[in-house]
Amino acid sequence: MARLLTKSCMWKGASPAATTSVLLRGYSAGSSDSEYLQKSIVPTMHFQKSLPRLPIPKLEATVKRYLNAQRPLLDDEQFRKTEQLALNFQTGVGKQLHEELVQQDKQNKHTSYISGPWFDMYLCARDPIVLNFNPFMSFTPDPKPEFNNQLVRATNLTVSAMRFLKTMRAGYLEPEIFHLNPAKSDTQKFRKLIRFVPSSLSWYGAYMVNAYPLDMSQYFRLFNSTRIPKLNKDELVSDQQARHLLVLRNGNFYVFDVLDKDGSIVKASEIQAHLKYILSENTPAPEFPLRIFTQ
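Model, not experiment: these values are computed from the prediction.

Caption draft 1: Quick peek at the side chain of E35. Among the structural elements, E35 can be located in the loop between β2 (11-14) and α1 (59-70). For E35, the side chain forms a polar contact with the side chain of K166, separated by 2.7 Å. Here I265 takes part through its backbone nitrogen, which lies 3.2 Å from a polar atom of the side chain of E35. Filtering out sequence-adjacent residues up to four positions away, E35 remains in contact with R163, K166, G263, S264 and I265.

Caption draft 2: Fine view of the packing of aromatic side chains. Within the structure shown, the criterion is met by eight aromatic pairs. With centroids separated by 5.1 Å and ring planes inclined at 85°, the aromatic side chains of Y36 and Y172 adopt a geometry described as edge-to-face. On the criterion of sequence distance, the pair formed by Y36 in the loop between β2 and α1 and Y172 in the loop between α6 (150-169) and β3 (177-179) is long-range, its members being 136 residues apart. Judged by its relative accessible area of 28%, Y172 falls in the partly exposed class. Each member of the aromatic cluster is reached from another via a ring pair, and the members are W203, Y204, Y207 and Y212. The side chain of R71 reaches across the aromatic face of F79, ending 4.3 Å from its centre.

Caption draft 3: Quick peek at unusual backbone geometry. Although it is not a glycine, N224 adopts a positive phi angle of roughly 55°. Counting through the fold element by element, N224 comes out in the loop between β4 (211-213) and β5 (225-228). Although it is not a glycine, N232 sits at a positive phi angle of roughly 75°. Position of N232 among the secondary structure elements: in the loop between β5 and β6 (235-238).

Cut-offs applied
Residues numbered from 1 in each chain as written. Predicted model: local features only at pLDDT ≥ 70, side-chain atom pairs only at ≥ 80, totals over all residues. Heavy atoms only, no water. Helix = DSSP H or I, 4+ residues; strand = E, 2+ residues; numbered from the N terminus. Polar contact = N/O pair within 3.5 Å; in protein donor to acceptor, adjacent residues only side chain to side chain. Contact = heavy atoms within 4.5 Å. Phe/Tyr/Trp six-rings, centres within 6.5 Å; stacked < 30°, edge-to-face > 60°. Buried < 20%, exposed > 50% of the residue type's maximum accessible area, 1.4 Å probe, protein only. Lys NZ or Arg CZ within 6 Å of the ring centre and 35° of its normal.

In structure tokens, the structure reads:
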């Protein structure tokens, strides 16, 4: 049953309402298992171990790029002052800071030098999350009117998301690759060959045919992840064991499982029944809904 999380943190719910048959989209061509979107012969994380690390640019090059960016914004006198300050930084404290950054990078070869500051930029920011940081999805109307029904579309979206999740976790999701010469690298021949190249060398094998595998280390945060508010810096937390879906409607939170205890996707008809119940549930909006904390 779909369960409602109330203000007192107690659960309540009722059996899903009776539902009609679900209008599901066809499964991906070539997939023999409806639990997966695809079955890539190249494992999802095949290139991760050999991805080259982001190099630290030379301090002189960074200062030059900074001045090039400032030139159109400043008059001659302002630019001369800015140029002198930048050069003083380059030969003074900037030199020391650059050396410290290089040393720090050598001690953290498992990641990029920019990774820490990049996460800090987001997790330490105290601006509203909505609009400033959160991405969103906008759906265009489906060519088939029957698929635009809210309940049908929500059911299909949920099932598709779970298939993506299972495909990714099973290692069947096609690795992200930027192909400069697709005719040579975006082919079955390339995939059949590159899968036998050891992970420690696979990126370089792709590079030989102008194909550039991309970092996929954060894909696991697409599911079962949340941002926990903390003092000064928030924390990203993921629970890979979670099997439920949380639905927000009218200021209330509803929860039901979309994966069973064996990790299989719950029947689409059951998912539809849960969503239909949530749509029909008449619990009034709370006076102070929890969603205000996400703003």
